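Structural description and commentary
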Amino acid sequence: MQTFLNQLVYFGYFQSLFLLFIYVFSSDKRKNINKYIAFLVLVLSIGLTGRVLYISGFFGDNYRWVIFSEFSTLLFGATIYLFTRSSLLKKPFSYRELLHYLPAVLYNIAVTIAFIAPSDHILESRKTSGEQFKITLVFIAIGLLFNITYWIMSFKIFLKFKKDIQNELSYHIQSQFFFNFLIAIGVCLFCWSMMFLNWLLDYELFDRISWQVIWISIALIILFITFYGMKEPDLFKIPSLLTSKKYAQSKLSNVELDSLKFQLENLMVEKKPYLNRKLLKSQLAEMLGVSNPEIARLLNERIGMNFFEYINYYRIKEFIALAKTDQAKNMTFYGLAQEAGFNSKTTFNKSFKDLMGTTPKEYFSNL
């Protein structure tokens, strides 16, 4: 097992050096990489250097090199949070955001004082008395609490983004990548928590080598994200689609709202804006001659749907109408769905089932 972990350490180490080399010397690739992730790769490469020097025995069997690699422990959570926030909310890199790393700096100073600065004699004495293990548990608990807090904050940003985006877009964008990324980190943190409880309660379910598995797993996830950020930059390019302008609060009267609802329904029937597969709420508001908040209020108070649901409601109606024509005989359901304005098979199937209570195939079989 240890041999396999050592091989992963070497792989991660050379991968981090390779990514840093590309980041430094390729201006085109550098544009595609989030600066927070690039910073974490730098920290990981420093930490992995310590592990490589330890397992290679280049400077002898000095365990301080492994402790040196723990400097990146508290940097995981903050960087994942800043990466998610800057990617989904379009928050540009700011030096003020580096204050999130202040606890990590203090943590690393404490690690240095507790594990690196003391002499071998003191460390051995602590190990024999069991004091060293207790101190280690305290540091693990701090790192775990810190990283879980930032992971929860990151996941809240993702959920809010998913909710807000449905009020602005009529189609789904590629955000599954961020969900998978956060879930992978969450699984690592869960395993980390189980190991901590195992050691705290003095069980023998996990041995000390298990922590290395978690540490290396998180490191490899970060490196994987960075690599794909260079190879497939579109994964990270969430368009800035949410309206940034702050309009005055809508002051439409109830009569005006009723009139606006009538105008909107006529617009949907006559001009069929929903056939635009990437229709935005701001575009529909412009066609109707109102502001974004006013159409949002209209949808909420008079129609009872968000923008995503409303547009796809008309697309489903269009799909059913198209499916009854002679043209439908030579087309698949998804082909018809695209003609009706859908840009995703998954979105089409889910929207159809949510609205009609059945799948397209079952619906037309019943007819």
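Residues numbered from 1 in each chain as written. Predicted model: local features only at pLDDT ≥ 70, side-chain atom pairs only at ≥ 80, totals over all residues. Heavy atoms only, no water.

You'll find the protein entered in an unreviewed UniProt entry as Helix-turn-helix domain-containing protein, with Aquimarina amphilecti given as the organism.

1. Here we look at the packing of helix 7 (residues 120-129) against helix 8 (residues 131-165)
At a minimum axis distance of 4 Å, the contact between helix 7 and helix 8 shows a crossing angle of 90°. Regarding the angle of helix 7 to helix 8, the classification is roughly perpendicular. Here Leu123, Arg126, Lys127 and Ser129 of helix 7 come into contact with helix 8, specifically with Glu131, Gln132 and Ile135. Of the residues that constitute the contact of helix 7 with helix 8, the class distribution is two nonpolar, two polar and three charged. (Axes fitted to C-alpha atoms, helices over the stretch in contact; angles between N-to-C directions. Helix = DSSP H or I, 4+ residues; strand = E, 2+ residues; numbered from the N terminus. Parallel < 35°, antiparallel > 145°, perpendicular 65-115°, else oblique. Contact = heavy atoms within 4.5 Å. Nonpolar A, V, L, I, M, F, W, Y, C, P; charged D, E, K, R; others polar.)

2. Some thoughts on the confidence of the model for the protein
Averaged over every residue, the pLDDT of the protein is 81; residues scoring 70 or more account for 87%. The least confident element of the protein, judged by mean pLDDT, is helix 4 (residues 64-69) at 71; the most confident is helix 14 (residues 307-323) at 91. In this model, residues 241-248 is a region of pLDDT below 50 whose contacts with residues beyond four sequence positions or in other chains number 13 contacts. (pLDDT = per-residue confidence, 0-100.)

3. Concerning a nonpolar patch on the surface
The grouping of Phe190, Met194, Leu197, Leu200, Leu201 and Tyr203 at the surface amounts to a nonpolar patch, some 610 Å² of accessible area in total. Of note, Phe190 is situated in helix 9 (residues 176-200). Judged by its relative accessible area of 51%, Phe190 falls in the exposed class. (Patch = residues over 30% accessible without salt bridge, like charges linked within 9 Å, V, L, I, M, F, W, Y side chains within 5 Å. Areas by Shrake-Rupley, 256 points an atom, 1.4 Å probe, with all protein chains shown as cover. Salt bridge = Lys/Arg side-chain N within 4 Å of Asp/Glu carboxyl O. Buried < 20%, exposed > 50% of the residue type's maximum accessible area, 1.4 Å probe, protein only.)

4. Some points on the packing of aromatic side chains
The tally for this structure, following the rule as stated, stands at 21 aromatic pairs. An aromatic cluster is defined as three or more aromatic residues linked by ring pairs; in this entry it consists of Phe319, Phe333, Phe342, Phe348, Phe352 and Tyr363. For Arg315, the ring lying beneath its charged end belongs to Phe342, and the centroid distance is 5.9 Å. (Phe/Tyr/Trp six-rings, centres within 6.5 Å; stacked < 30°, edge-to-face > 60°. Lys NZ or Arg CZ within 6 Å of the ring centre and 35° of its normal.)

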